[in-house]
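Tertiary structure, described
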Amino acid sequence: MTWVTGADGSSYGVANLPYGVFRRGEGAPRVGVRIGDFVLDLAGAEEAGLVLAAGTLGRPTLNDFMALGRPQWTAVRQRVTELLTDAAHRPAVEPLLVPLAEVRMQLPFEVADYVDFYSSEHHASNVGQIFRPGQPPLLPNWKHLPIGYHGRAGTVVVSGTPVVRPSGQRATPQGPVTGPSVRLDIEAEVGFVVGVPSPLGARVAADDFADHVFGVVLVNDWSARDIQAWEYQPLGPFLGKSFATSVAAWVTPLDALGDAFVPAPDQDPPVAAYLRDVPHLGLDLRLSVEWNGERVSEPPFATMYWTPAQQLAHLTVNGASLRTGDLYASGTVSGPERGQVGSFLELTWGGTEPVKFADGGTRTFLEDGDTVTITATAPGPDGTTIALGEVTGQVLAAR
(Lines give C-alpha, C1' and ligand atoms only; values in the text may rest on other atoms or scores of the structure.)
Protein backbone atom coordinates (compact mmCIF):
# COMPACT_ATOMS: atom_id res chain seq x y z
CA MET A 1 0.00 0.00 0.00
CA THR A 2 1.22 3.48 -0.81
CA TRP A 3 0.09 6.80 0.58
CA VAL A 4 0.41 8.43 -2.88
CA THR A 5 -3.04 9.49 -4.05
CA GLY A 6 -4.45 7.23 -6.78
CA ALA A 7 -1.38 4.98 -7.02
CA ASP A 8 -2.80 1.93 -5.22
CA GLY A 9 -4.32 -0.43 -7.77
CA SER A 10 -2.53 1.39 -10.58
CA SER A 11 -0.29 -0.45 -13.03
CA TYR A 12 2.33 2.09 -11.92
CA GLY A 13 2.13 1.25 -8.23
CA VAL A 14 4.99 0.46 -5.85
CA ALA A 15 5.53 -2.94 -7.51
CA ASN A 16 6.62 -1.13 -10.66
CA LEU A 17 8.58 2.11 -10.05
CA PRO A 18 10.17 2.59 -13.49
CA TYR A 19 13.01 5.08 -13.86
CA GLY A 20 13.02 8.06 -16.20
CA VAL A 21 14.50 11.50 -16.75
CA PHE A 22 12.21 14.52 -16.81
CA ARG A 23 12.21 18.28 -17.19
CA ARG A 24 9.81 20.63 -15.45
CA GLY A 25 9.45 23.95 -17.22
CA GLU A 26 12.87 25.24 -18.20
CA GLY A 27 14.62 23.25 -15.47
CA ALA A 28 17.51 20.87 -15.95
CA PRO A 29 16.93 17.14 -16.58
CA ARG A 30 16.28 15.21 -13.36
CA VAL A 31 16.11 11.50 -12.56
CA GLY A 32 12.82 10.24 -11.18
CA VAL A 33 10.60 7.20 -10.74
CA ARG A 34 6.98 7.00 -11.72
CA ILE A 35 4.38 6.29 -9.05
CA GLY A 36 0.78 6.46 -10.26
CA ASP A 37 0.31 9.76 -12.07
CA PHE A 38 3.31 11.39 -10.41
CA VAL A 39 7.06 11.43 -10.76
CA LEU A 40 9.10 11.20 -7.58
CA ASP A 41 12.06 13.54 -8.02
CA LEU A 42 14.95 11.26 -7.04
CA ALA A 43 17.50 14.01 -7.62
CA GLY A 44 15.68 16.07 -5.00
CA ALA A 45 15.38 13.05 -2.71
CA GLU A 46 19.12 12.48 -2.84
CA GLU A 47 19.81 16.18 -2.27
CA ALA A 48 17.62 15.98 0.83
CA GLY A 49 19.46 12.92 2.13
CA LEU A 50 16.42 10.66 1.73
CA VAL A 51 18.15 8.32 -0.74
CA LEU A 52 21.82 7.42 -1.01
CA ALA A 53 23.23 6.68 -4.49
CA ALA A 54 26.71 8.23 -4.49
CA GLY A 55 25.37 11.41 -6.07
CA THR A 56 24.35 9.62 -9.28
CA LEU A 57 20.67 10.55 -9.06
CA GLY A 58 21.62 14.18 -9.60
CA ARG A 59 23.02 13.49 -13.07
CA PRO A 60 21.10 14.29 -16.29
CA THR A 61 20.85 10.62 -17.37
CA LEU A 62 20.55 7.23 -15.67
CA ASN A 63 23.99 6.07 -16.83
CA ASP A 64 26.00 6.79 -13.69
CA PHE A 65 23.35 5.22 -11.48
CA MET A 66 23.11 2.16 -13.73
CA ALA A 67 26.88 1.70 -13.54
CA LEU A 68 26.70 1.21 -9.76
CA GLY A 69 25.45 -2.36 -10.14
CA ARG A 70 22.72 -4.57 -8.80
CA PRO A 71 23.34 -4.25 -5.03
CA GLN A 72 22.93 -0.48 -5.29
CA TRP A 73 19.95 -0.75 -7.66
CA THR A 74 18.20 -3.05 -5.19
CA ALA A 75 19.04 -0.88 -2.18
CA VAL A 76 17.69 2.28 -3.84
CA ARG A 77 14.52 0.48 -4.94
CA GLN A 78 13.94 -0.79 -1.41
CA ARG A 79 14.49 2.68 0.01
CA VAL A 80 12.15 4.33 -2.50
CA THR A 81 9.50 1.72 -1.71
CA GLU A 82 9.89 2.51 1.98
CA LEU A 83 9.54 6.24 1.35
CA LEU A 84 6.35 5.72 -0.66
CA THR A 85 4.67 3.24 1.69
CA ASP A 86 5.55 4.46 5.18
CA ALA A 87 3.31 7.41 5.98
CA ALA A 88 5.94 8.74 8.39
CA HIS A 89 7.95 9.82 5.34
CA ARG A 90 5.04 11.61 3.67
CA PRO A 91 5.82 15.14 4.94
CA ALA A 92 9.37 14.98 3.54
CA VAL A 93 8.57 13.13 0.32
CA GLU A 94 5.25 14.60 -0.84
CA PRO A 95 6.82 17.92 -1.94
CA LEU A 96 9.06 15.90 -4.27
CA LEU A 97 6.11 14.43 -6.18
CA VAL A 98 5.56 16.14 -9.53
CA PRO A 99 2.34 15.57 -11.55
CA LEU A 100 3.06 13.81 -14.85
CA ALA A 101 1.08 16.49 -16.66
CA GLU A 102 3.73 19.06 -15.65
CA VAL A 103 6.82 17.26 -17.01
CA ARG A 104 8.46 16.55 -20.36
CA MET A 105 10.18 13.20 -20.53
CA GLN A 106 13.72 12.92 -21.92
CA LEU A 107 15.78 10.05 -23.32
CA PRO A 108 16.43 8.25 -20.03
CA PHE A 109 19.98 7.07 -20.73
CA GLU A 110 22.78 7.96 -23.07
CA VAL A 111 22.91 5.11 -25.58
CA ALA A 112 26.42 3.69 -25.87
CA ASP A 113 25.89 1.00 -28.53
CA TYR A 114 22.72 -0.36 -30.08
CA VAL A 115 22.26 -3.96 -31.24
CA ASP A 116 19.10 -5.42 -32.73
CA PHE A 117 18.41 -9.16 -32.69
CA TYR A 118 16.04 -11.32 -34.73
CA SER A 119 14.80 -13.70 -32.03
CA SER A 120 11.19 -14.55 -32.87
CA GLU A 121 10.83 -17.78 -34.82
CA HIS A 122 7.35 -16.74 -35.93
CA HIS A 123 8.59 -13.39 -37.23
CA ALA A 124 11.62 -14.88 -38.96
CA SER A 125 9.45 -17.54 -40.60
CA ASN A 126 6.90 -15.00 -41.81
CA VAL A 127 9.58 -12.70 -43.24
CA GLY A 128 11.27 -15.67 -44.91
CA GLN A 129 8.04 -16.63 -46.62
CA ILE A 130 7.37 -13.06 -47.75
CA PHE A 131 10.91 -12.25 -48.97
CA ARG A 132 11.94 -15.73 -50.17
CA PRO A 133 8.79 -17.54 -51.35
CA GLY A 134 9.29 -21.18 -52.22
CA GLN A 135 12.43 -21.45 -50.07
CA PRO A 136 12.85 -22.64 -46.48
CA PRO A 137 11.63 -19.73 -44.31
CA LEU A 138 14.48 -20.06 -41.78
CA LEU A 139 18.09 -19.90 -42.91
CA PRO A 140 20.34 -22.80 -41.79
CA ASN A 141 22.02 -20.83 -39.00
CA TRP A 142 18.88 -19.42 -37.39
CA LYS A 143 18.37 -22.07 -34.68
CA HIS A 144 22.05 -22.20 -33.81
CA LEU A 145 22.67 -18.57 -32.78
CA PRO A 146 20.71 -15.38 -32.11
CA ILE A 147 20.97 -13.43 -35.36
CA GLY A 148 21.68 -9.73 -34.86
CA TYR A 149 23.25 -6.60 -36.30
CA HIS A 150 24.67 -3.35 -34.99
CA GLY A 151 22.35 -0.36 -35.30
CA ARG A 152 22.94 3.35 -34.96
CA ALA A 153 23.01 4.59 -31.36
CA GLY A 154 22.82 8.25 -32.40
CA THR A 155 19.33 7.89 -33.86
CA VAL A 156 17.73 6.27 -30.81
CA VAL A 157 15.05 8.76 -29.73
CA VAL A 158 12.64 9.01 -26.81
CA SER A 159 8.96 8.18 -27.17
CA GLY A 160 6.96 11.04 -28.66
CA THR A 161 9.71 12.21 -31.00
CA PRO A 162 8.33 12.60 -34.56
CA VAL A 163 9.86 10.31 -37.18
CA VAL A 164 10.67 11.82 -40.56
CA ARG A 165 9.99 9.49 -43.47
CA PRO A 166 13.39 8.27 -44.70
CA SER A 167 14.66 8.50 -48.25
CA GLY A 168 17.06 6.21 -50.04
CA GLN A 169 17.41 3.80 -52.92
CA ARG A 170 14.68 1.28 -53.67
CA ALA A 171 14.13 -1.16 -56.50
CA THR A 172 11.53 -0.71 -59.23
CA PRO A 173 10.85 -2.72 -62.42
CA GLN A 174 12.74 0.02 -64.30
CA GLY A 175 15.74 -0.17 -61.97
CA PRO A 176 16.72 1.52 -58.70
CA VAL A 177 15.36 4.98 -57.88
CA THR A 178 16.12 7.37 -55.04
CA GLY A 179 13.35 8.96 -53.02
CA PRO A 180 11.12 8.66 -49.95
CA SER A 181 10.30 5.16 -48.73
CA VAL A 182 6.83 4.00 -49.76
CA ARG A 183 6.85 0.92 -47.49
CA LEU A 184 7.50 2.43 -44.07
CA ASP A 185 6.91 -0.03 -41.25
CA ILE A 186 7.31 -0.61 -37.54
CA GLU A 187 8.90 -3.34 -35.45
CA ALA A 188 7.42 -3.86 -31.99
CA GLU A 189 10.31 -4.95 -29.79
CA VAL A 190 11.56 -5.18 -26.23
CA GLY A 191 14.90 -3.61 -25.37
CA PHE A 192 17.37 -4.41 -22.59
CA VAL A 193 19.51 -1.68 -21.05
CA VAL A 194 23.00 -2.56 -19.81
CA GLY A 195 24.17 -1.05 -16.55
CA VAL A 196 27.36 -2.84 -15.58
CA PRO A 197 30.09 -2.92 -18.26
CA SER A 198 32.48 -5.75 -19.06
CA PRO A 199 36.15 -5.63 -20.11
CA LEU A 200 37.24 -6.01 -23.70
CA GLY A 201 38.16 -9.63 -24.42
CA ALA A 202 35.92 -11.14 -21.73
CA ARG A 203 32.72 -13.09 -22.27
CA VAL A 204 29.57 -12.51 -20.24
CA ALA A 205 27.87 -15.77 -19.31
CA ALA A 206 24.15 -16.19 -19.89
CA ASP A 207 23.73 -16.82 -16.17
CA ASP A 208 25.21 -13.38 -15.43
CA PHE A 209 22.42 -11.57 -17.28
CA ALA A 210 20.90 -10.04 -14.14
CA ASP A 211 24.28 -8.72 -12.96
CA HIS A 212 24.68 -6.59 -16.07
CA VAL A 213 21.19 -5.67 -17.30
CA PHE A 214 19.50 -2.84 -15.43
CA GLY A 215 16.07 -2.90 -17.01
CA VAL A 216 13.67 -3.13 -19.92
CA VAL A 217 12.20 -0.62 -22.39
CA LEU A 218 9.68 -0.95 -25.17
CA VAL A 219 11.19 -0.29 -28.61
CA ASN A 220 9.83 0.62 -32.03
CA ASP A 221 12.56 -0.05 -34.56
CA TRP A 222 11.09 1.84 -37.53
CA SER A 223 11.89 0.10 -40.82
CA ALA A 224 11.81 1.17 -44.47
CA ARG A 225 11.06 -2.17 -46.11
CA ASP A 226 11.72 -1.08 -49.69
CA ILE A 227 15.10 0.44 -48.84
CA GLN A 228 15.90 -2.61 -46.71
CA ALA A 229 14.96 -5.12 -49.44
CA TRP A 230 17.26 -3.46 -51.99
CA GLU A 231 20.27 -3.02 -49.70
CA TYR A 232 20.33 -5.92 -47.24
CA GLN A 233 22.26 -8.51 -49.27
CA PRO A 234 25.00 -9.38 -48.52
CA LEU A 235 25.73 -7.37 -45.34
CA GLY A 236 22.30 -6.93 -43.77
CA PRO A 237 20.26 -3.89 -42.66
CA PHE A 238 21.69 -0.40 -43.03
CA LEU A 239 19.78 2.72 -44.17
CA GLY A 240 16.45 0.90 -44.02
CA LYS A 241 16.83 0.83 -40.23
CA SER A 242 19.28 3.51 -39.12
CA PHE A 243 17.06 6.60 -39.50
CA ALA A 244 15.17 6.21 -36.19
CA THR A 245 14.61 3.83 -33.29
CA SER A 246 12.10 4.95 -30.65
CA VAL A 247 12.33 3.84 -27.02
CA ALA A 248 10.04 4.34 -24.06
CA ALA A 249 10.77 7.16 -21.65
CA TRP A 250 10.51 4.76 -18.69
CA VAL A 251 12.97 1.96 -17.92
CA THR A 252 11.33 -0.86 -15.99
CA PRO A 253 13.94 -2.36 -13.64
CA LEU A 254 14.46 -6.11 -13.70
CA ASP A 255 13.57 -6.13 -10.01
CA ALA A 256 10.01 -5.18 -10.99
CA LEU A 257 9.69 -8.16 -13.33
CA GLY A 258 10.37 -11.00 -10.91
CA ASP A 259 6.87 -12.43 -11.43
CA ALA A 260 7.07 -12.15 -15.22
CA PHE A 261 9.79 -14.71 -15.89
CA VAL A 262 8.38 -17.90 -17.44
CA PRO A 263 9.85 -20.99 -19.14
CA ALA A 264 11.03 -20.13 -22.65
CA PRO A 265 10.22 -22.30 -25.69
CA ASP A 266 12.16 -25.54 -26.06
CA GLN A 267 15.14 -25.28 -28.40
CA ASP A 268 15.88 -27.98 -30.95
CA PRO A 269 18.62 -28.65 -31.95
CA PRO A 270 20.47 -28.19 -28.65
CA VAL A 271 22.32 -24.88 -28.48
CA ALA A 272 26.07 -24.35 -28.02
CA ALA A 273 27.36 -24.53 -24.46
CA TYR A 274 27.78 -20.77 -24.07
CA LEU A 275 24.11 -20.25 -24.96
CA ARG A 276 22.75 -22.62 -22.32
CA ASP A 277 20.91 -20.53 -19.76
CA VAL A 278 19.79 -22.33 -16.63
CA PRO A 279 16.98 -21.87 -15.94
CA HIS A 280 15.88 -21.21 -19.53
CA LEU A 281 13.52 -18.28 -19.02
CA GLY A 282 11.73 -15.70 -21.10
CA LEU A 283 9.40 -12.89 -20.03
CA ASP A 284 5.61 -12.93 -20.08
CA LEU A 285 5.20 -9.46 -21.58
CA ARG A 286 1.99 -8.82 -23.49
CA LEU A 287 2.41 -6.13 -26.10
CA SER A 288 -0.28 -4.14 -27.87
CA VAL A 289 0.14 -2.17 -31.12
CA GLU A 290 -2.19 0.71 -31.95
CA TRP A 291 -2.25 2.26 -35.42
CA ASN A 292 -3.91 5.70 -35.35
CA GLY A 293 -5.58 4.79 -32.08
CA GLU A 294 -6.95 1.43 -33.22
CA ARG A 295 -5.51 -1.78 -31.80
CA VAL A 296 -4.28 -3.98 -34.63
CA SER A 297 -2.07 -6.57 -32.93
CA GLU A 298 -1.14 -8.10 -29.57
CA PRO A 299 2.33 -9.68 -29.82
CA PRO A 300 3.29 -12.12 -27.00
CA PHE A 301 6.92 -11.80 -25.89
CA ALA A 302 6.83 -15.16 -24.07
CA THR A 303 6.98 -16.92 -27.46
CA MET A 304 10.45 -15.58 -28.33
CA TYR A 305 12.82 -18.42 -29.31
CA TRP A 306 16.02 -16.77 -28.06
CA THR A 307 16.03 -15.38 -24.52
CA PRO A 308 17.47 -12.05 -23.35
CA ALA A 309 20.20 -13.91 -21.44
CA GLN A 310 21.20 -15.86 -24.56
CA GLN A 311 21.31 -12.66 -26.57
CA LEU A 312 23.68 -11.07 -24.05
CA ALA A 313 25.92 -14.14 -24.03
CA HIS A 314 26.08 -14.17 -27.83
CA LEU A 315 26.73 -10.43 -27.98
CA THR A 316 29.92 -10.92 -25.96
CA VAL A 317 31.11 -14.42 -26.93
CA ASN A 318 33.77 -12.92 -29.22
CA GLY A 319 35.09 -10.73 -26.41
CA ALA A 320 33.17 -7.59 -27.37
CA SER A 321 32.86 -5.40 -24.29
CA LEU A 322 29.68 -4.09 -22.74
CA ARG A 323 29.33 -0.41 -21.90
CA THR A 324 26.95 1.30 -19.53
CA GLY A 325 24.05 2.46 -21.67
CA ASP A 326 24.28 -0.31 -24.25
CA LEU A 327 20.86 -1.14 -25.64
CA TYR A 328 20.08 -4.46 -27.24
CA ALA A 329 16.64 -5.15 -28.64
CA SER A 330 14.87 -8.47 -29.08
CA GLY A 331 13.90 -8.07 -32.70
CA THR A 332 10.28 -7.99 -33.82
CA VAL A 333 7.94 -9.76 -31.39
CA SER A 334 5.46 -11.95 -33.27
CA GLY A 335 3.25 -14.81 -32.17
CA PRO A 336 1.82 -17.66 -34.23
CA GLU A 337 -1.39 -15.84 -35.25
CA ARG A 338 -1.87 -12.93 -37.67
CA GLY A 339 -3.30 -10.79 -34.86
CA GLN A 340 -0.09 -11.31 -32.86
CA VAL A 341 2.52 -9.98 -35.29
CA GLY A 342 4.84 -7.09 -34.51
CA SER A 343 5.25 -5.58 -37.97
CA PHE A 344 2.93 -4.30 -40.65
CA LEU A 345 4.94 -6.27 -43.22
CA GLU A 346 3.47 -9.39 -41.61
CA LEU A 347 0.08 -7.90 -40.72
CA THR A 348 -0.58 -7.05 -44.40
CA TRP A 349 1.46 -10.00 -45.72
CA GLY A 350 3.89 -7.88 -47.66
CA GLY A 351 1.27 -5.26 -48.52
CA THR A 352 -1.08 -7.72 -50.28
CA GLU A 353 -3.78 -7.77 -47.58
CA PRO A 354 -4.60 -4.22 -46.38
CA VAL A 355 -5.66 -3.55 -42.82
CA LYS A 356 -9.25 -2.28 -42.59
CA PHE A 357 -10.02 0.29 -39.91
CA ALA A 358 -13.31 0.95 -38.14
CA ASP A 359 -13.78 4.23 -40.04
CA GLY A 360 -13.61 2.40 -43.38
CA GLY A 361 -10.05 3.40 -44.19
CA THR A 362 -7.33 0.96 -45.15
CA ARG A 363 -3.56 0.79 -44.87
CA THR A 364 -0.74 -1.44 -46.03
CA PHE A 365 2.22 0.60 -44.78
CA LEU A 366 2.54 3.85 -42.85
CA GLU A 367 1.34 7.10 -44.38
CA ASP A 368 2.43 10.61 -43.39
CA GLY A 369 0.60 11.70 -40.25
CA ASP A 370 0.08 8.16 -38.95
CA THR A 371 0.79 7.49 -35.29
CA VAL A 372 1.85 4.16 -33.81
CA THR A 373 1.79 3.42 -30.08
CA ILE A 374 3.16 0.26 -28.48
CA THR A 375 2.24 -0.65 -24.90
CA ALA A 376 2.83 -3.73 -22.76
CA THR A 377 1.90 -5.27 -19.44
CA ALA A 378 3.54 -7.89 -17.24
CA PRO A 379 2.38 -9.98 -14.29
CA GLY A 380 3.14 -8.39 -10.94
CA PRO A 381 3.10 -9.74 -7.38
CA ASP A 382 -0.08 -11.20 -5.89
CA GLY A 383 -1.96 -11.25 -9.19
CA THR A 384 -1.38 -7.59 -10.00
CA THR A 385 -0.39 -6.18 -13.38
CA ILE A 386 2.38 -3.70 -14.08
CA ALA A 387 2.70 -1.56 -17.18
CA LEU A 388 5.79 -0.87 -19.22
CA GLY A 389 6.20 2.68 -20.45
CA GLU A 390 4.64 3.19 -23.86
CA VAL A 391 6.57 4.07 -26.98
CA THR A 392 4.80 6.25 -29.52
CA GLY A 393 5.70 8.22 -32.61
CA GLN A 394 4.12 10.05 -35.53
CA VAL A 395 5.34 9.89 -39.11
CA LEU A 396 6.24 13.21 -40.76
CA ALA A 397 6.69 13.77 -44.48
CA ALA A 398 10.15 13.27 -45.99
CA ARG A 399 12.27 16.38 -46.15
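Conventions adopted
- Residues numbered from 1 in each chain as written.
- Predicted model: local features only at pLDDT ≥ 70, side-chain atom pairs only at ≥ 80, totals over all residues.
- Heavy atoms only, no water.
- Helix = DSSP H or I, 4+ residues; strand = E, 2+ residues; numbered from the N terminus.
- Rg over C-alpha atoms; globule rule 2.2 N^0.38 Å.
- Buried < 20%, exposed > 50% of the residue type's maximum accessible area, 1.4 Å probe, protein only.
- Contact = heavy atoms within 4.5 Å.
- Areas by Shrake-Rupley, 256 points an atom, 1.4 Å probe, with all protein chains shown as cover.
- Phe/Tyr/Trp six-rings, centres within 6.5 Å; stacked < 30°, edge-to-face > 60°.
- Expected span 1.5 Å × (residues − 1).
- Arc of directions from axis to C-beta.
- 1 Å grid on protein atoms, 1.4 Å probe; cavity = no way out; pocket = protein on both sides within 12 Å on 5 of 7 lines; lining within 4 Å.
- Points joined across faces, edges and corners; volume = space filled by probe spheres on them.
- Nonpolar A, V, L, I, M, F, W, Y, C, P; charged D, E, K, R; others polar.

An unreviewed UniProt entry annotates the protein as fumarylacetoacetase of Micromonospora reichwaldensis.

Concerning the overall build of the protein
Looking only at helices and strands, the protein features nine helices and 26 strands. For 399 residues, the compact-globule estimate of 2.2 N^0.38 gives 21 Å, and the C-alpha radius of gyration of the protein, at 21 Å, lies within 12% of that figure. Seen through its principal axes, the protein has C-alpha atoms that stretch 70 × 50 × 35 Å. Taking all 399 residues of the protein together, 53% fall into the buried category. Of the contacts formed within the protein by residues at least 6 apart in sequence, a portion of 72% connects residues at least 24 apart. Here the protein has roughly 16500 Å² of accessible surface; of this, 53% comes from carbon and sulfur atoms.

As for helix 8 (residues 308-316)
In terms of burial, helix 8 is a largely internal element, nine of the nine residues being buried. All buried positions along helix 8 are accounted for by P308, A309, Q310, Q311, L312, A313, H314, L315 and T316. Packing partners of the buried residues in helix 8 comprise strand 6 (114-117), strand 13 (188-194), helix 6 (209-212), strand 14 (213-220), strand 19 (281-283) and strand 22 (327-329).

Re the packing of aromatic side chains
This structure, assessed with the given rule, holds 13 aromatic pairs. For the ring pair F65 and F214, a centre distance of 5.9 Å and an interplane angle of 85° mean the geometry is edge-to-face. One end of the pair, F65, is in helix 2 (residues 63-66); the other, F214, is in strand 14, and 149 residues separate them in sequence. You'll find F65 and F214 in the same group, each marked buried. Ring centres of W291 and F344 lie 3.8 Å apart, and the angle between their planes is 5°; this geometry places the pair in the stacked category. Remark: F344 occurs in helix 9 (residues 344-347) and W291 occurs in strand 20 (residues 286-291); sequence separation between them is 53 residues. Residue F344 is classed as buried on the basis of its relative accessible area of 2%. Clustering of aromatic rings is evident, with ring pairs tying together F117, F192, F209, F301 and Y328.

Examining helix 3 (residues 70-85)
With 16 residues, helix 3 should reach 22 Å at 1.5 Å per residue; the first-to-last C-alpha distance of 22 Å fits that figure. Taken together, the buried positions of helix 3 are R70, W73, V76, R77, V80, L83 and L84. Taken down its axis, helix 3 places every buried residue within 150° of arc, on the same side. The exposed residues of helix 3 that point more than 90 degrees off its buried face are P71 and Q78.

A word on the layout of surface pockets
The volume enclosed by the largest pocket comes to roughly 670 Å³. Forming the walls of the largest pocket are 29 residues, and the residues nearest its centre are Y118, I147, Y232, G236 and P237. For the lining of the largest pocket, the element with the highest residue contribution is helix 5 (residues 121-131), accounting for four residues. If you add up the space inside the second largest pocket, you get close to 330 Å³. Taken together, 19 residues make up the lining of the second largest pocket; nearest its centre are V115, H150, H314, L315 and A320. Those elements that provide at least two residues to the lining of the second largest pocket are strand 6, strand 7 (148-150), helix 8 and strand 22. Grouping the amino acids of the lining of the second largest pocket by side-chain chemistry returns 12 nonpolar, five polar and two charged.

Overview of unusual backbone geometry
The amide bond that connects D268 to the next residue, P269, takes the cis arrangement and shows omega of 10°. Structurally, P269 is set in the loop between strand 18 (261-263) and strand 19. Of the consecutive residues V278 and P279, the connecting peptide bond is found in the cis state with omega at -5°. Even without being glycine, A54 reaches a positive phi, approximately 55°. Tracing the backbone through its elements, the reader meets A54 in the loop between helix 1 (42-47) and helix 2. What makes A54 exposed here is its relative accessible area of 65%. Even without glycine at this site, W349 takes up a positive phi of about 50°. By the secondary structure assignment, W349 is in the loop between helix 9 and strand 23 (355-356).

Section: the environment of D37
By the element assignment, D37 lies in the loop between strand 2 (30-35) and strand 3 (38-41). Setting aside residues up to four positions removed in sequence, D37 forms contacts with V98, P99 and L100.

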